[in-house]
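Fold and contact review
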Number of protein chains: 2
Amino acid sequence: MTNPSTPPLGAEPETPSVEIETLLTQAAEAAPRWAALTPRARAAALAAVADVLEANSEHLVAVADQETGLGVARLSGEVKRTAGQLRAYGAYAVTGAPFGVTIDHADPEAAPPRPELRRHQVPLGPVEVFAGGNFPFAFSVAGTDTAAALAAGCPVLLKAHPGHPRTSATTAALVREALAEAGAPLGTFALFTGRDAGVTVLRDPRVRAAAFTGSVRGGRALFDIAAARPVPIPFFGELGSINPVVVTPAALADRRADIVVGFAGSFTLGTGQFCTKPGVLLLPRDPLAVEEIAAQVRPANAAPMLSAPIAEGYRRRLSEVAGATRTRVLVEGAVTTDEDGRPQASPSLFAVATVEEFLQEADNLLEECFGPSAVIVQYGGKDEAARVLDRLDGSLTVTFHTAEGDAGALAPLVELAQNKAGRVLFNGWPTGVAVIRAQQHGGPYPAATSAQTSVGPYAVERFLRPVAYQDALPELLPAALREDNPLQLVRTVDGKTETA
Amino acid sequence: MTNPSTPPLGAEPETPSVEIETLLTQAAEAAPRWAALTPRARAAALAAVADVLEANSEHLVAVADQETGLGVARLSGEVKRTAGQLRAYGAYAVTGAPFGVTIDHADPEAAPPRPELRRHQVPLGPVEVFAGGNFPFAFSVAGTDTAAALAAGCPVLLKAHPGHPRTSATTAALVREALAEAGAPLGTFALFTGRDAGVTVLRDPRVRAAAFTGSVRGGRALFDIAAARPVPIPFFGELGSINPVVVTPAALADRRADIVVGFAGSFTLGTGQFCTKPGVLLLPRDPLAVEEIAAQVRPANAAPMLSAPIAEGYRRRLSEVAGATRTRVLVEGAVTTDEDGRPQASPSLFAVATVEEFLQEADNLLEECFGPSAVIVQYGGKDEAARVLDRLDGSLTVTFHTAEGDAGALAPLVELAQNKAGRVLFNGWPTGVAVIRAQQHGGPYPAATSAQTSVGPYAVERFLRPVAYQDALPELLPAALREDNPLQLVRTVDGKTETA
């Protein structure tokens, strides 16, 4: 039996095509008007959205908890994070940094004489955002991609995730109302539903970019559509990631209990439904440590999964991993349904005795398993750890647990990690993603289809493109490029950075 | 009869596949070593290449003139420009700006507590550069894409253009020697030839990005291959552009002779073989002005074209444009061969009486015609000019010729131009492209397949991707991210820009 709020694949309701056409027209009409507002005016509108989400947090969380089972504490935190993102991205745009204003004055003495050039970045136009299923707020309707596109000056056509339809509709109503009250033109934000509608919008010439959070299979199919358009558009997809963790012998000796408890907590957090879930743990040869982690996991109860399709995908991957000839099942998880018919899963833990054996089945074991499972591999020295990192596809993160004195031996592994990941972290767990400028949430394919980050203020820059003005009449310059800098933007003038 | 130095399409010699494999292996091995050099060391190597090109300018120009017929003056200037690009991109990397170093210190008091994150951009790895045919130096072997990739820290696999094989080989030998002497690892730069080899390299997993200058057809085919790879890579293609010029009535009244002479000079410069050649002139209704431009063009002699395939493409487009039912031929150009069998062309000029008639055949008339031809359209007011700009595909440039008092009426046209082009220029001609930071050489598709510029120091940023370090041991940080900033890079620390 399936929970009615999580329809099976393909059963997603479709916004009628006549309505999609209206939304596209409105987004195209809104684009120049939303772009023409100052970054400050757009930031104020985003802050208004943040305020209304926080003011309605209790109701939003109740709806989302019913649909996703993620729990009040987690969901309340997520609303706060979502509001914080909206404010942070708007505030970042106000500094002017994402617009990259660059002014080179004329140099008639140069050979050849140089014209005056003034360059800034302008919004791409309407952006389609495919909401993610695992964060019903932070990567959904008013999530990071929406906040980034709006802060950049682009209208958003939001393709709702089928896993939390009422949460999506409730959030969207608040977003639309807050934007309208803040003076955003009609068409700045719209929500629609349906796989076919999602593809229709992606193919429409009025849409100038797309952002996506989800599976490798789904994301790649959409990336291919975006690339095959008569006019291709950028597709910022965050797809799949294995997020390996390497523990050094010294770290295990120093902080054994922390690592055992921390790893068990990290891969089961949110029922393992995080894109940054650590899927592979490289542990020094220490069979006892493997058992200690297993013991830590065993008592865990079944926890809700987001949807029937996700539970089904998890079940499939579990049987693939368990079916690998070299895999030992330490903890046998299961996918079940609770009394309301909602899918749930208990954690699974696997072990592979050696790196040699792991690499023999790397195609299987290095594929993401979305849910509370992980594989522990015992490695016999840094060369073996290097072989695993070298075999890795692109990953959002690589984590090292290290201790005093490890640095020298670790350096080559860190370089390998940098080649494979967007974020390299130390003595922590990858499941937290801080929303600050220096964040990089992305990584080589299949972690992402673009090098740029999807989390943090720099995510705004994905939705802009540069335009230069040469020898323009001052009256015809956009405000961002005027000599007197009326918008007080950070800029680079004749090679020197000026903060306003 | 065909000039032996410009073989017909398909007759391009192929570097043997065993040699291609060696070049790919060497490039992959060079990648971490070239990336590990400091920006300053790489800039010194690029400056050494610039020095050797300038020192050998006379010989290089002689070889190139024989192959392309572009003339000693133009080619000598191009060598200088090429050397300038190499130095400028290297110097830009030395500032640190392209690496976007961003440091956010930890904030344990934040809710949730924030880790320390340090982010910079790292080289993508080996880059395939497809040389352009129309600038045998500035967009070829040691041209803008090569300079940008090397300055970013990426090895270059250079697919030579078949139009100037000896120029390419001579330049490549100088580049390799100068790089080796400057301490660059073997494999930092290699030249190869052949269409099939170009595709083999593009499909190879060791290659992480590609750059291209050429036709829409060729560029799109390669873009599609790059996007369809199991691991897609960015393809920075600069394809086709119509570069319209709008002359206001006031400008024509004020500077009639300048505009007549300037336009005739710009579209025939370099036998019209510039990606920024103005292909359409929107002129106020003034039949006499049309005749004056035609008179200016008529005396022009035939000038060399780059290759037989380009001459053939020009001939085909001329007959298509002439065949449009609304087109009047003002100057009938021809494609011929000189006494050495080299293809040459004389200028062609067409007129369409009204915007209405022009738009009826816009698919034909707004397609790039690579060679010394242009279409003059007489327009009857700014709404008519707007209709043409609105119908335009993406373009590298849009140019306005304006005079005192035009600004108010022109503003909506300028906004339209910004939506369609990478560079909007005033009272000049688009054929010059200054190599400075505020340059934007690119534009919406089909002008380019990427929003980023291919000319100017900012072109370096195309070949980098961000990586963040979270709570790293100081000893394991890359030099660029160390607290004491040993490389003296521009950086943003806790939201504030610091120049070293």
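Residues numbered from 1 in each chain as written. Chains lettered and ligands numbered in written order. Predicted model: local features only at pLDDT ≥ 70, side-chain atom pairs only at ≥ 80, totals over all residues. Heavy atoms only, no water.

The number of helices and strands found in chain A is 15 helices and 20 strands. Taken over the C-alpha trace, chain A has a radius of gyration of 24 Å; the compact-globule value for 500 residues is 23 Å, and the two agree within 12%. The principal-axis extents of the C-alpha atoms in chain A amount to approximately 75 × 55 × 40 Å. Across the 500 residues of chain A, 61% fall into the buried class. Put simply, of all contacts in chain A between residues at least 6 apart along the chain, 78% involve residues at least 24 apart. Surface accessibility of chain A: about 17,900 Å² in total, with carbon and sulfur atoms responsible for 55%. Taking the average place of the 42 positive charges on the side chains of chain A and the average place of its 54 negative ones, the gap between the two points comes to 1 Å. (Helix = DSSP H or I, 4+ residues; strand = E, 2+ residues; numbered from the N terminus. Rg over C-alpha atoms; globule rule 2.2 N^0.38 Å. Buried < 20%, exposed > 50% of the residue type's maximum accessible area, 1.4 Å probe, protein only. Contact = heavy atoms within 4.5 Å. Areas by Shrake-Rupley, 256 points an atom, 1.4 Å probe, with all protein chains shown as cover. Lys, Arg positive; Asp, Glu negative; His and termini not counted. Charge placed at Lys NZ, Arg CZ, Asp CG, Glu CD.)

Attention shifts here to the UniProt feature "domain: Aldehyde dehydrogenase" (unreviewed entry) in chain A. The feature "domain: Aldehyde dehydrogenase" (unreviewed entry), as given by UniProt, occupies residues 13–445 of chain A in the numbering adopted here. Overall, residues 13–445 of chain A shows 47% helix and 18% strand. The separation of its end C-alpha atoms is 31 Å. (UniProt positions renumbered as here; feature names shortened; annotations may be inferred.)

To continue, consider the pairing of strand β17 (residues 421–426) of chain A. Taking burial as the measure, the 6 residues of β17 of chain A include 6 buried ones, the bulk of the element. Bridge count between strand β16 (residues 395–401) of chain A and β17 of chain A: 5 bridges; the pairing is parallel. Counterpart to valine 398 of chain A in the pairing with β17 of chain A is valine 424 of chain A. Bridging between β17 of chain A and strand β18 (residues 464–470) of chain B involves 3 bridges; their strand directions are parallel. The partner of arginine 423 of chain A across the bridge, within β18 of chain B, is alanine 468 of chain B. (Pairing = 2+ DSSP bridges.)

What follows deals with the side chain of histidine 401 of chain A. Residue and element names in this part refer to chain A. Relative to the helices and strands, histidine 401 is located in strand β16. Under the relative-accessibility criterion, histidine 401 is labelled buried at 2%. At a separation of 3.0 Å, a polar atom in the side chain of histidine 401 contacts the main-chain carbonyl oxygen of glycine 428. Ignoring anything within four residues of it in the chain, the contact list for histidine 401 reads Val245, Val246, Val247, Thr248, Ala251, Arg255, Ile259, Asn427, Gly428 and Trp429. (Polar contact = N/O pair within 3.5 Å; in protein donor to acceptor, adjacent residues only side chain to side chain.)

Overlaying chain A with chain B gives an RMSD of 0.0 Å, the required rotation being 180° about an axis along which the chain moves by 0.0 Å. Within this description, the copies of the chain are treated as partners about a two-fold rotation axis. Among all C-alpha atoms of chain A, that of alanine 227 of chain A lies closest to the rotation axis, at 3.3 Å. The fraction of interface residues of chain A whose copies in chain B are also interface residues reaches 100%, indicating that both copies meet through the same surface. (Least-squares fit on C-alpha atoms with pLDDT ≥ 70 in both.)

All names here are of chain B. Pairing is parallel across the open sheet formed by 5 strands, whose spatial order is β5-β4-β3-β6-β7. Whereas interior strands pair on both sides, the edge strands pair on one side only; in this sheet they are β5 (189–192) and β7 (235–238). On average, each strand axis in the sheet is tilted by 15° relative to the strand beside it, whichever way the strands run. Seen against the sheet, helix α7 (residues 195–203) touches β3 (127–130), β4 (156–159), β5, β6 (209–213) and β7 and runs at an angle of roughly 150° to β3. (Axes fitted to C-alpha atoms, helices over the stretch in contact; angles between N-to-C directions.)

Residues and elements named next belong to chain A. Relative to each other, helix α3 (residues 57–68) and helix α4 (residues 72–95) sit at 130°, their axes nearing to 9 Å. Relative to α4, α3 is oriented oblique. The way α3 lies across α4 gives a crossing that is right-handed. Residue-level inspection shows Ser57, Val61, Ala64, Asp65 and Thr68 of α3 in contact with α4, the latter providing Val72, Leu75, Ser76 and Val79. (Parallel < 35°, antiparallel > 145°, perpendicular 65-115°, else oblique. Left-handed = near helix turned anticlockwise from the far one by under 90°.)

On the chain B side, the residues contacting the 61 residues of chain A number 61 residues. Among the residues of chain A in contact with chain B, Gln418, Gln470 and Leu476 of chain A are the three that bury the most area, contributing 12% of the side total. Across the contact surface, chain A and chain B share 0 salt bridges. Counting across the chain A and chain B interface gives 36 residue pairs in polar contact (both at pLDDT 80 or more). Of all elements in the fold, only β1 (101–104), β2 (117–123), α8 (216–228), α15 (407–420), β17 and β18 (464–470) of chain A reach the threshold of two or more residues within the side of chain A that touches chain B. Top element by residues in the side of chain A that touches chain B is α15 of chain A. It accounts for 8 residues. (Buried area = accessible area lost by both parts, 1.4 Å probe. Salt bridge = Lys/Arg side-chain N within 4 Å of Asp/Glu carboxyl O.)

Another point: the sheet that holds strand β10 (residues 303–304) of chain A. All names here are of chain A. The sheet built from 3 strands is open, its strands ordered β10-β13-β12 with antiparallel pairing. Edge strands, defined here as strands with exactly one partner in the open sheet, are β10 and β12 (335–337). Pairing of β12 with strand β13 (residues 343–345), which is carried by 3 bridges, proceeds in the antiparallel orientation. The residue bridging threonine 337 from the neighbouring strand is proline 343, located in β13.

Turning next to the packing of aromatic side chains. Evaluated as defined, the whole model comprises 21 aromatic pairs over all chains. Three or more aromatic residues joined by ring pairs make a cluster, and in this case those are Phe130, Phe212, Phe223 and Phe235 of chain A. A cation over a ring is seen here: arginine 462 of chain A above phenylalanine 236 of chain A, with NZ or CZ 5.6 Å from the ring centre. Here the guanidinium or amino end of arginine 74 of chain B rests over the ring plane of phenylalanine 135 of chain B, the centre of that ring lying 4.5 Å away. (Phe/Tyr/Trp six-rings, centres within 6.5 Å; stacked < 30°, edge-to-face > 60°. Lys NZ or Arg CZ within 6 Å of the ring centre and 35° of its normal.)

Turning our eyes to something else, we now look at the nonpolar core. One finds Phe400 and Phe463 of chain A together with Phe358, Phe400 and Phe463 of chain B to be the most contacted residues of the largest nonpolar core, which totals 223 residues. Discounting chain neighbours no more than four positions away, the residues touching phenylalanine 400 of chain A are Val246, Leu389, Leu410, Leu413, Val414, Ala417, Val424, Leu425, Phe426 and Asn427 of chain A. Counting residues in hydrophobic clusters, the runner-up holds 46 residues, among them Leu23 and Phe130 of chain A together with Ala210 and Phe235 of chain B. (Core = buried A, V, L, I, M, F, W, Y, C linked by side-chain atoms within 4.5 Å.)

One frequently used descriptor of interface size is the decrease in accessible area upon assembly of the parts. Residue and element names in this part refer to chain A. Domain annotation for chain A reports domain 1 (17–239 + 451–493) and domain 2 (245–426). Using C-alpha coordinates to define each centre, domain 1 is positioned 34 Å away from domain 2. Facing the 14 residues of domain 1 at the interface are 12 residues of domain 2. Between domain 1 and domain 2 we count 0 salt bridges in total. Between the two partners, domain 1 and domain 2, sit 3 residue pairs in polar contact (both at pLDDT 80 or more). At 4 residues, the largest contribution of residues to the side of domain 1 that touches domain 2 is made by α3. (Domains from an automatic or database assignment.)

Residues and elements named next belong to chain A. Across the interface, helix α14 (residues 382–391) lies against α15 with an axial gap of 10 Å and an inter-helix angle of 5°. Taken together, the axes of α14 and α15 lie roughly parallel to each other. Residues Lys382, Ala385, Ala386, Leu389 and Asp390 of α14 form the contact with α15, whose own contacting residues are Ala409, Leu413, Leu416 and Lys420. Classifying every residue of the contact of α14 with α15 gives 6 nonpolar, no polar and 3 charged. (Nonpolar A, V, L, I, M, F, W, Y, C, P; charged D, E, K, R; others polar.)

This part covers the pattern of salt bridges. By the definition in use, this model includes 50 salt bridges over all chains. One network of salt bridges, in which partners are shared, links Arg316, Arg317, Glu320 and Glu367 of chain A.

As a further point, take the environment of valine 455 of chain A. All names here are of chain A. If you trace the backbone, valine 455 turns up in the loop between β17 and β18. Here valine 455 falls in the buried class, since its relative accessible area comes to 0%. C-alpha separation for the pair valine 455 and aspartate 338, spaced 117 residues apart in sequence, amounts to 33 Å.

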